[in-house]
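Summary of the model geometry
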Amino acid sequence: MSNEIEHFFERQDEAVSALFLENKGDELTDILVAALEEAFEILLEAAPAETVH
């Protein structure tokens, strides 16, 4: 991985840790829900139009 990507993940980890320490669970939940919604959208776009049984 490049240093830029590693730094991005480090900053993300620090931000999540800060939210935990500041007891901001609602904000963290909002971030996680948005990430899950985006992941499901990506999966739907990647899924074939028809299923094979």
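What counts, and at which threshold
- Residues numbered from 1 in each chain as written.
- Predicted model: local features only at pLDDT ≥ 70, side-chain atom pairs only at ≥ 80, totals over all residues.
- Heavy atoms only, no water.
- Helix = DSSP H or I, 4+ residues; strand = E, 2+ residues; numbered from the N terminus.
- Buried < 20%, exposed > 50% of the residue type's maximum accessible area, 1.4 Å probe, protein only.
- Areas by Shrake-Rupley, 256 points an atom, 1.4 Å probe, with all protein chains shown as cover.
- Axes fitted to C-alpha atoms, helices over the stretch in contact; angles between N-to-C directions.
- Contact = heavy atoms within 4.5 Å.
- Nonpolar A, V, L, I, M, F, W, Y, C, P; charged D, E, K, R; others polar.
- Expected span 1.5 Å × (residues − 1).
- Patch = residues over 30% accessible without salt bridge, like charges linked within 9 Å, V, L, I, M, F, W, Y side chains within 5 Å.
- Salt bridge = Lys/Arg side-chain N within 4 Å of Asp/Glu carboxyl O.

Considerations on the overall build of the chain
Along the chain, the regular secondary structure elements total two helices and zero strands. Classification of the 53 residues of the chain by burial places 4% in the buried group. About 5,100 Å² of surface is accessible on the chain, with carbon and sulfur atoms providing 60% of the total.

Examining the packing of helix 1 (residues 3–21) against helix 2 (residues 25–46)
Contact geometry for helix 1 and helix 2: axes closest at 8 Å, N-to-C directions at 145°. Taking contact as the criterion, the partners of Val16, Leu19 and Phe20 in helix 1 are, on helix 2, Glu27, Leu28 and Ile31. Residue composition of the contact of helix 1 with helix 2, by class: five nonpolar, no polar and one charged.

Description of helix 1
Between the first and last C-alpha of helix 1 there are 27 Å, a value that for 19 residues agrees with the 27 Å anticipated at 1.5 Å per step. A positive backbone phi angle near 60° is found at Asn23, which sits one or two residues after helix 1.

Comments concerning a nonpolar patch on the surface
On the surface, a cluster of nonpolar side chains totalling about 270 Å² of accessible area is made up of Ile5, Phe8 and Phe9. You can see Ile5 is positioned in helix 1.

Some words on the environment of Gln12
Relative to the assigned elements, Gln12 resides in helix 1. Residue class for Gln12 comes out partly exposed when judged on its relative accessible area of 38%. Taking C-alpha positions, Gln12 is 12 Å from Leu28, a pair spaced 16 residues apart along the chain.

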